[in-house]
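# Observations on the model geometry
Residues per chain are reported as follows:
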Amino acid sequence: MVAVRAAFKAVDSGKQVAVLVPTTVLARQHLETFRQRLADFPVTVEMLSRFRTAKEQKRILDDLAKGKVDVVIGTHRLLQKDVAFKELGLLIVDEE
């Protein structure tokens, strides 16, 4: 998957990556794929969608703003005003 390689290259360069997907089911599938493919590397992958509780979302958003999350995968939730990145370097849009 080209997107995973591009994401790894961005993270390896010290940048964060956002992966925007159209559905919560696809977000979950991408989360599993990215975590499996990047398991051997020190990369933190998280997901923002309605599948996360409010408490989980707050923790992820805090970690994202601090730069503790390298790759965040999500639906339109990523476009909300409360989403802040420390250093976004790549946006991947999966439009099906």
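What counts and how
- Residues numbered from 1 in each chain as written.
- Predicted model: local features only at pLDDT ≥ 70, side-chain atom pairs only at ≥ 80, totals over all residues.
- Heavy atoms only, no water.
- Phe/Tyr/Trp six-rings, centres within 6.5 Å; stacked < 30°, edge-to-face > 60°.
- Helix = DSSP H or I, 4+ residues; strand = E, 2+ residues; numbered from the N terminus.
- Buried < 20%, exposed > 50% of the residue type's maximum accessible area, 1.4 Å probe, protein only.
- Contact = heavy atoms within 4.5 Å.
- Expected span 1.5 Å × (residues − 1).
- Arc of directions from axis to C-beta.

For the structure on display, the rule yields 1 aromatic pair. Here Phe8 and Phe41 contribute two aromatic rings whose centre-to-centre distance is 4.7 Å and whose plane-to-plane angle is 55 degrees, an arrangement assigned as tilted. With Phe8 in helix H1 (residues 2–12) and Phe41 in the loop between helix H2 (24–37) and strand S2 (45–48), the pair connects residues that are 33 residues apart, well separated along the chain. Note on Phe41: relative accessible area 39%, which makes it partly exposed.

Turning our attention to the environment of Val69. When you line up the elements, Val69 lands in the loop between helix H3 (54–66) and strand S3 (71–74). Looking at Val69, the relative accessible area reads 2%, which means it is buried. Ignoring anything within four residues of it in the chain, the contact list for Val69 reads Gln16, Thr44, Glu46, Ile60, Asp63 and Leu64.

Below, the discussion takes up H2. Taking 1.5 Å as the rise per residue, H2 with 14 residues should run 20 Å; its terminal C-alpha atoms sit 20 Å apart, in good agreement. Within H2 the residues assigned to the buried category are Thr24, Leu26, Ala27, His30, Leu31 and Phe34. Down the axis of H2, the sector holding all buried residues measures 145 degrees, keeping them to one side. Looking at the buried positions of H2, the neighbouring elements they touch are H1, strand S1 (16–20), S2 and S3.

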